[in-house]
Amino acid sequence: MTQRIAPTLALFLTLVLLLAGGLAGRAVGGDQNPKRLRVAVAQISVTRDVAANVETIGRAIDRAVAEKADVLLTPEGSLSGYTPKFDRAEVEAALGKVVGKASSAGLALALGTCFVEPDDGRTYNQIRFYDADGTFLGFHNKILRCGTMTEPTQGEINHFAARPLRTFELAGITVGGLICNDMWANPGCTPMPDPHLSQQLADMGARIIFHAVNGGRDGSAWSREVYWPFHETNLRIRARTGKLWIVTADNCHPSTVPCSAPSGVLRPDGQWALAAPDQGEQIVVHTIELE
């Protein structure tokens, strides 16, 4: 009887040890099957010509698909133009074309555009998130809308509406969106306190922030020596502080001068995983691996 029990007991103990070892490995090393997201960053020209913008975004989609990206990020206002004054019907039709093109290729979108929401008729400066099959996941709207430091304040803050900060589930990953000044709260055009939106998203469980930019610049020394470092430093510090991946894309129009901020992908340690050249149309792609 003892001889029969011994091999069975030995096998049972071996299985227990293997299971315990596996659980310990997960506890120490985290997820043994890290999630991956291949992101395409479109540093492209943004104008008020919606038809031209559709063509430009179409090129970015083609490049992203060719590079086997999972999701494409475009700059602030990339479809409508960066303005509250646009043809609502034209933008809605253009949106259908862009989403249709992307979804037919299985490409998700983090699309920067201004848009009138049908439920309240108000205009929002948005990143619209679409899954790979074209399902609309919702939108982030610009919260730190720019305005003068006067009383009363003047500027886009008076033309774009805002809704509360939120997250989205994209390819099984919790992500967030921020638009331009949402990230850095420029003290020259932010007539409200900095709520540290990137950190709020981190606290809400976001692992990746998609950041659409359309910053003012004129190629001057001030643009290069002050605004560019201010933008880049904020991106890097906020990525490191929130332990976040940040995917960021700026408008490159006009292409005769450098962009206002870097486009690319930042790691959670605040270092660049990938940075695009600082001028002209650039489509760059990087695979994010979440541990």
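In the block above lies the structure referred to throughout.
This write-up is about the structure you can find in this document.

Definitions and limits used
- Residues numbered from 1 in each chain as written.
- Predicted model: local features only at pLDDT ≥ 70, side-chain atom pairs only at ≥ 80, totals over all residues.
- Heavy atoms only, no water.
- Helix = DSSP H or I, 4+ residues; strand = E, 2+ residues; numbered from the N terminus.
- Buried < 20%, exposed > 50% of the residue type's maximum accessible area, 1.4 Å probe, protein only.
- Contact = heavy atoms within 4.5 Å.
- Areas by Shrake-Rupley, 256 points an atom, 1.4 Å probe, with all protein chains shown as cover.
- Salt bridge = Lys/Arg side-chain N within 4 Å of Asp/Glu carboxyl O.
- Expected span 1.5 Å × (residues − 1).
- Polar contact = N/O pair within 3.5 Å; in protein donor to acceptor, adjacent residues only side chain to side chain.

### A few points about the overall build of the chain
The number of helices and strands found in the chain is 6 helices and 12 strands. Looking at the chain residue by residue over its 291 residues, the buried ones come to 48%. For the chain, restricting intrachain contacts to residue pairs at least 6 apart in sequence, the fraction spanning at least 24 positions comes to 71%. Element-wise, carbon and sulfur atoms account for 56% of the exposed surface of the chain, whose accessible area totals about 13,600 Å².

### Examining the pattern of salt bridges
Inspection of every chain in the model, using the stated rule, returns 14 salt bridges. The partner of R36 in a salt bridge is E289, with the nearest N and O atoms 3.3 Å apart. In this pair, R36 is assigned in strand β1 (residues 35-43) and E289 in strand β12 (residues 282-290), connecting sequence segments 253 residues apart. E289 sits in the partly exposed class, given a relative accessible area of 41%. Note that R238 is salt-bridged to D194, the shortest N-O span being 3.0 Å. Of the two residues, R238 is situated in helix α6 (residues 221-242) and D194 in the loop between α4 (181-184) and α5 (197-203); the sequence distance between them amounts to 44 residues. Judged by its relative accessible area of 26%, D194 is partly exposed. Ionic contacts of the salt-bridge type, sharing partners, join the residues R38, R63 and E67 into one network.

### Considerations on helix α2 (residues 50-66)
Helix length check: α2 (17 residues) gives 24 Å between terminal C-alpha atoms against 24 Å at 1.5 Å per residue, within 8%. Looking at α2, one finds that the buried residues are V50, N53, T56, I57, G58, A60, I61 and A64. Buried residues in α2 make contact with β1, β2 (71-73), α3 (88-104), β3 (108-116) and β12. Two to three positions downstream of the cap, the backbone nitrogen of A51 sits 3.2 Å from a side-chain oxygen, assigning the N-cap of α2 to D49. Phi turns positive, to about 60°, at K68, one or two residues after α2.

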